[in-house]
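# Geometric and topological summary
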Amino acid sequence: MDEGRLEQVRVQLQEFAAEVFAGLRRIDQRETGVRYLRGLMLDGQRKSMQPMAARLGVDHQQLQQFLTSSTWDVTGVRRRVAMSAVEVVSPTVWVVDDTGFAKDGPASACVARQYSGTLGKVGNCQIAVSVHAATDAASAVLNWRLFVPESWDETCVPDEAGKVANTHARRLRRQPVTLDEAGKKKPHLRKEVPREELIAQILARRAASKVPDDERYRPKWLMALEMIDELAGWELYPPLLTADAGYGQVAEFRQGLTDRGISFIVATTSTTTAQPAHAEPVTAAYAGVGKYPTPRYPDPARSIKDLALKHGAGQATLVHWRERLPAAEGGDRPAGTLSGHFFALRVRPAGRTVREGLPPADDGVLPDCWLLVQWPPGQAEPSDYWLSDLPADTALADLVQLAKSRWRIEHDYRELKTGLGLDHFEGRSWIGWHRHVTLATAAQLFLTQLRQADPKAAGQP
């Protein structure tokens, strides 16, 4: 947005900011908050402190102090943004996802060498987990969390017996070899850091970035459930939740949604195990000694890939799920609808976590759900799988449309990063990162409001 366009919406921005920053007690904080939003929305390649301050004509230390050392409550701002986002978007689904922020150095809060889908490889980066409200027409971020890697948590450092205090942490893997320039294995020469020294390094790094003491390593799916619980505390509840296979393949995540009464349709991997819907547990005859046998399925659970292959590619039908978006800059992409070949069948997901979620003293019957399969014509096996606890009479077209609704989130990440500087924060502090992404989210929500009033407004994808 250029200066002229931003001046045209000055009144709307002031009204929006008055609502978002209503909890900030000091006038100077509210004014700086509006200034920061303006800086994020103004045209310019970099949205870090100094370039934004230069475009705004202010001292960059003013923006830096607002983000890193001022006393305003970022949670309150995030809550008001989330409540406003639900009203603006009127979501049909909530989406859980995560994104990476590439970094050059080791000092930013929770930066580590880890896999990032954004990078498509292991790299030096931060990872953030997010919850979005979405329809096919609009979307907005509701909540953020910065992922804490094991290397940023001293409770993940193994003791002399190889055990860790953090119940969520895996035992750290020690790589015995590394690769030389020619790609050949050679002895691992990295010096082993003593446990006490490693803990001291982690504590120093956490202190420098001001990571709160209660922020510890836990898996991303658990962070997503924590955010959903926080949103529920603000009286915001998902109409339906969807997520990619990184979350959907985790039985604990699906069970967590079920325990919270949240319907879902989540992607999963081909190795997820299940019983056919018609399978029934049987109870073996009592041998006369020991415990009475409990009901068990006579055959072992199979992978959903095996179940899909048995069902057959011939069962897949063509389904259209939405209209194509117009090309960003014209182009020759044909108009029409997005479509693919799908079938759905009822299955009973298996595994220890699923069994543990059954009520006590039950008959051993696993709960059934939908398995949605996408199988492109001419391919030897399916390409994608989803599990859903939607009712048994849900139409195939509805399952497909909901399963494919995650596409809007890529728009969120793209707009936030390329247009609003989501990944341009150069500070090192935990609170600074969360404040920056919260304000970038607020700026995106404001642009979404403008687009709803005028589809040709600035920021239209």
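Residues numbered from 1 in each chain as written. Predicted model: local features only at pLDDT ≥ 70, side-chain atom pairs only at ≥ 80, totals over all residues. Heavy atoms only, no water.

### Observations regarding the environment of S139
Inspection of the secondary structure puts S139 in strand β4 (residues 139-146). When residues no more than four places from it in sequence are discounted, the contact partners of S139 are V89, A133, A134, R408, H411, D412, Q444 and T448. Separated by 3.3 Å, the side chains of S139 and R408 make a polar contact. A distance of 2.8 Å separates the side chain of S139 from the side chain of D412, its partner in a polar contact. (Helix = DSSP H or I, 4+ residues; strand = E, 2+ residues; numbered from the N terminus. Contact = heavy atoms within 4.5 Å. Polar contact = N/O pair within 3.5 Å; in protein donor to acceptor, adjacent residues only side chain to side chain.)

### Things to note about helix α5 (residues 60-68)
When we look at burial in α5, the residues that qualify are L63, F66 and L67. Relative to the axis of α5, the buried residues are bounded by an arc of 95 degrees and lie together on one face. On its buried face, α5 is in contact with α3 (27-41), α4 (49-56) and α15 (430-453). At the N-terminal end of α5, a side-chain oxygen is found 3.0 Å from the backbone nitrogen of Q61, two or three residues along, and the residue is D59. (Buried < 20%, exposed > 50% of the residue type's maximum accessible area, 1.4 Å probe, protein only. Arc of directions from axis to C-beta.)

### Focus: the confidence of the model for the chain
Averaged over all residues, the pLDDT of the chain equals 90, while 91% of them reach at least 70. Here residues 172-179 is modelled with pLDDT under 50, and outside its nearest four sequence neighbours on either side it reaches 18 contacts, counting other chains as well. (pLDDT = per-residue confidence, 0-100.)

### Let's talk about the side chain of H434
Within the secondary structure, H434 is located in helix α15. When its relative accessible area of 6% is taken as the criterion, H434 is described as buried. Within polar-contact distance, the side chain of H434 engages the backbone oxygen of W430 at 3.0 Å. Ignoring sequence-local partners within four residues, the contact set of H434 consists of V74, W144, R145 and L146.

### Remarks on unusual backbone geometry
In this model, S90 sits at a positive phi of 50 degrees, which is unusual for a non-glycine residue. The topology assignment puts S90 in the loop between α6 (74-89) and β1 (93-102). You will see that C110, though not glycine, has its phi angle at about 65 degrees, which is positive. Tracing the backbone shows C110 in the loop between β1 and β2 (112-116).

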